[in-house]
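# Chain and residue survey
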Amino acid sequence: MNLCDHLRNTKLVAVLAHWRELSKTGLPPKREQLDPSRITVALGNVALVDYLPDGDDYRFRLIGEHVQEVFHHGLSKKRLSEIYSPSEARLIKQRWDFCRQNPALLYDRASRDSDSTPFESERIILPLRGESQAVDCLITASVYALNPQVTEARHQLRDHRPRFFDCWSLAPLDDTPV
């Protein structure tokens, strides 16, 4: 099964399709190539995340309104290490580093219905190049389905099932460290 077989949400499909249109050269597209008019259906679900080599961390550059609503606090300009506990930030960073360094696509689903805060989420994370041609940015597209009584989705990493995929064939990558 390739990545397309896993995607359930049309917003994520739109982001992936636009990313693939821009990566015809065999390299991830440049950040400035992204055309918001091509993914209007998903803009509220998108975040741009910059890699900060000086601090070996990631910083949220742009956050869609759907993501902001779910987290109930401003993520823009915050570093990964400011949002999550040290152990959570380390694990997320490992996953994002793998996407950036290889480059690879990350697909992640989470669901929880065994307690008082049931939710389901689906996400893709795609590498982007900067001016230096190196992958220094990620675009994430996330869709959250919350129970109406839930006021906030607190991520529990144990709820997630991440899978990495090849950027061009969309085939699953078996030898992934995280």
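From a predicted model like this one, the values you see are computed outputs, not experimental measurements. Chains are numbered independently. Their residues run from 1 in the order of the written sequence. It should be noted that, the model being predicted, local features are given only for residues of pLDDT at least 70 and side-chain atom pairs only at 80 or more, the latter also being counted only at that level, while totals for whole chains, interfaces and linings use all residues. Side-chain figures throughout are based on the complete set of non-hydrogen atoms in the structure, without hydrogens or water.

With that settled, the discussion passes to the packing of aromatic side chains. Only the six-membered ring of Trp is used, alongside the rings of Phe and Tyr, when aromatic pairs are assigned; centres must lie within 6.5 Å, and planes under 30 degrees apart are stacked while those over 60 apart are edge-to-face, with the rest tilted. This model, assessed by the stated rule, comprises four aromatic pairs. When the centroid spacing of 5.3 Å and the interplanar angle of 90° are considered together, the rings of Tyr58 and Trp96 count as edge-to-face. Here Trp96 lies in helix H5 (residues 86-101) and Tyr58 lies in strand S2 (residues 57-63), a separation of 38 residues in the sequence. A simple rule labels every residue: compare its accessible area, found with a 1.4 Å probe on the protein chains alone, to the largest value its type can have, and call it buried under 20%, exposed over 50%, or partly exposed in between. Tyr58 gets classed as buried once you look at its relative accessible area, which sits at 0%. Take Trp96: its relative accessible area is 9%, and that puts it in the buried class. Seen in terms of ring centroids, Phe60 and Trp96 are 6.0 Å apart; in terms of plane orientation they differ by 75°. Their pairing is edge-to-face. Of this pair, Phe60 sits in strand S2 while Trp96 sits in helix H5, and the two are 36 residues apart along the sequence. Helix and strand assignments come from DSSP, with helices taken as H or I runs of at least 4 residues and strands as E runs of at least 2, each series counted from the N terminus.

We now examine the confidence of the model for the chain. When pLDDT is averaged across the chain, the result is 86; 86% of the residues are at 70 or more. Looking over the chain, one finds the lowest element-wise mean pLDDT in helix H3 (residues 65-71), namely 83, and the highest in strand S1 (residues 46-52), namely 96. For every residue, the predictor assigns a confidence score, pLDDT, that lies between 0 and 100.

Pairs may arise between side chains of opposite charge once their charged atoms sit close together. In what follows, salt bridge is the name for a side-chain nitrogen of Lys or Arg lying within 4 Å of a carboxyl oxygen of Asp or Glu. Summed over the entire model, instances satisfying the criterion amount to 10 salt bridges. Between Arg59 and Asp50 there is a salt bridge, with the nearest N and O atoms lying 3.8 Å from each other. The exposure class assigned to Arg59 is partly exposed, which follows from its relative accessible area of 28%. Of the residues examined, Asp50 reaches a relative accessible area of 7% and is grouped as buried. Residue Lys93 pairs with Asp56 through a salt bridge whose shortest N-O separation is 3.2 Å.

Right, let's talk about the pairing of S1 for a bit. The element S1 is extensively covered by neighbouring structure, given that seven of its seven residues are classed as buried. On S1, burial covers both faces: Val46, Leu48, Asp50 and Leu52 on one face and Ala47, Val49 and Tyr51 on the other are all buried. In terms of strand pairing, S1 meets S2 through six bridges, oriented antiparallel. Within the sheet, the bridge partner assigned to Asp50 lies in S2 and is Arg59. Note on pairing: two strands pair once DSSP finds at least 2 bridges between them. The hairpin turn running from S1 into S2, its antiparallel successor, is four residues long, and Asp56 in that turn takes a positive phi close to 45°.

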